[in-house]
Amino acid sequence: MSRADVEFRSGGPSRHPGAGSGSGRPGDSCRGWLYLPDSGEPAPIIVMAHGLGAVKEMRLDAFAERFADAGYACLVFDYRHFGDSDGEPRQLLSIRRQLDDWAAAIAYARSIPEVDSGRVVLWGTSFGGGHVMVAGARDGRVAAIIAQCPFTSGVASTLALDPMSAAKVTARGIVDLVGSAFGRAPVMVALAGVAHEPALMTAPDVVPGYLPLVPEGHPFTNEVAARVGLAIVAHRPGRALEQITCPVLVCVCDDDTVAPARQTVRYVRRGPTTQMIRYPEGHFDIYVGEAFEQVVADQVDFLDRVVPLPE
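The rules behind these values
Counting restarts for each chain, with residues numbered from 1 along the sequence as it is written. In view of the model being predicted, local features appear only for residues whose pLDDT reaches at least 70, and side-chain atom pairs are presented and counted only at 80 or more, with totals across whole chains, interfaces and linings using the full set of residues. Heavy atoms from the whole structure form the basis of all side-chain values; hydrogens and water molecules are not counted. Helix and strand assignments come from DSSP, with helices taken as H or I runs of at least 4 residues and strands as E runs of at least 2, each series counted from the N terminus. Put simply, the radius of gyration uses C-alpha atoms, and a globule should come to 2.2 Å times the residue count raised to 0.38. To sort residues, take the accessible area from a 1.4 Å probe on protein chains only and compare it with the maximum for the residue type: under 20% means buried, over 50% means exposed, and anything in between is partly exposed. It only takes one pair of heavy atoms within 4.5 Å for two residues to be counted as in contact. Here the open area of atoms and residues is found with the Shrake-Rupley method and a 1.4 Å probe, where only the protein chains shown may cover a residue. Positive: Lys, Arg. Negative: Asp, Glu. His and the chain ends are not part of the count. Positions of charges follow a simple convention, taking NZ of Lys, CZ of Arg, CG of Asp or CD of Glu. Excluding any residue in a salt bridge, patches collect residues exceeding 30% relative accessible area, merging like charges within 9 Å and nonpolar Val, Leu, Ile, Met, Phe, Trp and Tyr side chains within 5 Å. Salt bridge, as applied in this entry: a Lys or Arg side-chain nitrogen positioned within 4 Å of an Asp or Glu carboxyl oxygen. Only when DSSP finds a minimum of two bridges between them are two strands counted as paired. Think of each axis as a best-fit line through the C-alpha atoms, taken over the contacting stretch in the case of a helix, with angles from 0 to 180 degrees between the N-to-C directions. Note on angle classes: values under 35 degrees are labelled roughly parallel, values over 145 roughly antiparallel, values of 65 to 115 roughly perpendicular, and the remainder oblique. Crossing handedness is read from the near helix: turned anticlockwise from the far helix by less than a right angle, it gives a left-handed crossing, and turned clockwise, a right-handed one. All residues other than Ala, Val, Leu, Ile, Met, Phe, Trp, Tyr, Cys, Pro, Asp, Glu, Lys and Arg, Gly among them, are scored as polar; the first ten of these are nonpolar and the last four charged. Aromatic pairs are defined between Phe, Tyr and Trp rings, using the six-membered ring for Trp, whenever the two ring centres lie within 6.5 Å; interplanar angles under 30 degrees are classed as stacked, those over 60 as edge-to-face, and all others as tilted. Charges are assigned to positions over rings by a cutoff of 6 Å between ring centre and Lys NZ or Arg CZ, combined with an angular limit of 35 degrees from the ring normal.

Draft legend 1. Local environment of the overall build of the chain. Tallying secondary structure elements over the chain gives nine helices and 11 strands in all. Compactness check: the chain gives a C-alpha radius of gyration of 18 Å against a globular reference of 19 Å for 311 residues, within 12% of the reference. By the burial criterion, 56% of the 311 residues in the chain qualify as buried. Contacts in the chain between residues at least 24 apart in sequence constitute 75% of all its contacts with a sequence separation of at least 6. Accessible surface for the chain amounts to roughly 12600 Å². Of this, 52% is attributable to carbon and sulfur atoms. Taking the average location of the 28 positive side-chain charges in the chain and that of its 36 negative ones, the two points are 11 Å from each other.

Structure, rendered in structure tokens:
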């Protein structure tokens, strides 16, 4: 297989509070990697992005390499405001803008001459696992969707957060949102923290599970603009499963402390084309080790069944 650095534009001149004017440019650049298999034949392409505040270097390359080895093309990208992608201010997490990034990534994937543009697959993990449900329902033409340990319910995830942490995030979120209307710099909260800290994830397995996914020496900022904490609670991407007509695989971690499995299972049961595989693992376990090997094998098997390679 081969891997190349690529970029594509997402959005128009920014109108997001506190995000800058965009200087009249036609959107900002999302940057990522394009993996092409060695077959030389136009292959289905898997569009991939990460979860809450995470960047592509946090093990998405491991998944993409397995998919490319199996014969699939992959487009792996960072959302605007994160990682290698453009967007000011940095570390601004807007659900709307990230969904716009998914739509732009899908359009870009369909424009790549070396792939089968009629068979685009969406793959998302954690917060991105919820995004692919919404993005797939909106697009209506994707060939398949894989959602791994997906965030499906803001209420369920907020209730899983330490109550003191939730109160601190809410307070900072209000200050951040009000300040953004006056062009002030974002007020930040941590992505991964411990109980009682102002952080979006505070379960005991978060710090030892999330932060080690960052490669040694890779620059990473463990914070995000606090205003997203106000938006998360009302976000319920799991509802989109009812509208999806293509095959969907949802990989559920039964011991998930970040995106509780119970509500995800309820949403899965409402999806007419959704199948589910459950794992006796925590939210961060399936990125590494034996759990990774099992989940990626199951995902390749799903792809081979619903988006088979050309003979």
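Draft legend 2. Expanded view of a nonpolar patch on the surface. A cluster of nonpolar side chains, contributed by Val155, Leu159 and Val233, occupies part of the molecular surface with about 280 Å² of accessible area. Structurally, Leu159 can be placed in helix α4 (residues 154-159).

Draft legend 3. Geometry of the sheet that holds strand β7 (residues 188-192). The strand order β8-β7-β9 describes an open sheet built from three strands, whose pairing is mixed. Each edge of the open sheet carries a strand with a single partner, namely β8 (199-201) and β9 (223-225). Between one strand axis and the next, the sheet turns by 35° as a mean value, whatever way the strands run. As paired strands, β7 and β9 are joined by three bridges and run antiparallel to one another. Following the sheet pairing, Val189 is matched in β9 by Val224.

Draft legend 4. Looking closely at the packing of helix α2 (residues 95-111) against helix α3 (residues 127-139). Packing of α2 against α3 brings their axes to within 10 Å, and their N-to-C directions diverge by 60°. One finds that α2 runs oblique with respect to α3. For the element pair α2 and α3, the recorded crossing hand is right-handed. In contact with Ile95, Gln98, Leu99, Trp102, Ile106 and Arg110 of α2, α3 contributes Phe127, Gly128, His131, Val132, Val134, Ala135, Arg138 and Asp139. Its residues assigned to classes, the contact of α2 with α3 shows eight nonpolar, three polar and three charged.

Draft legend 5. Focus on the pattern of salt bridges. With the rule as written, the count across this model stands at 15 salt bridges. In this structure, the salt-bridge partner of Arg31 is Asp86, at a minimum N-O distance of 2.7 Å. In this pair, Arg31 is assigned in strand β2 (residues 28-36) and Asp86 in the loop between β4 (73-77) and α2, connecting sequence segments 55 residues apart. Across the salt bridge formed by Arg66 and Glu293, the nearest N and O atoms sit 2.9 Å from each other. In this pair, Arg66 is assigned in helix α1 (residues 60-69) and Glu293 in helix α9 (residues 289-306), connecting sequence segments 227 residues apart. On the basis of relative accessible area, Arg66 is assigned to the partly exposed category, the value being 32%. A single salt-bridge network, built from bridges that share partners, covers Lys56, Glu57, Asp78 and Asp84.

Draft legend 6. View of the packing of aromatic side chains. Summed over all chains, the structure comprises 12 aromatic pairs. Each ring, one from Tyr210 and one from Phe284, has its centre 6.1 Å from the other, and the planes form 75°; the classification is edge-to-face. Pair noted here: Tyr210 is in helix α6 (residues 206-210) and Phe284 is in the loop between β11 (274-279) and α9, with a separation of 74 residues, a long-range link. As far as burial versus exposure is concerned, Tyr210 and Phe284 are alike and both buried. An aromatic cluster of three or more residues is present, and its members are Phe8, Phe77, Tyr79, Trp102 and Tyr108. Its guanidinium or amino end placed over the ring of Trp33, Arg3 lies 3.9 Å from that ring's centre, counting from NZ or CZ. Here the basic side chain of Lys56 rests over the ring of Trp33, its NZ or CZ set 4.9 Å away from the ring centre.

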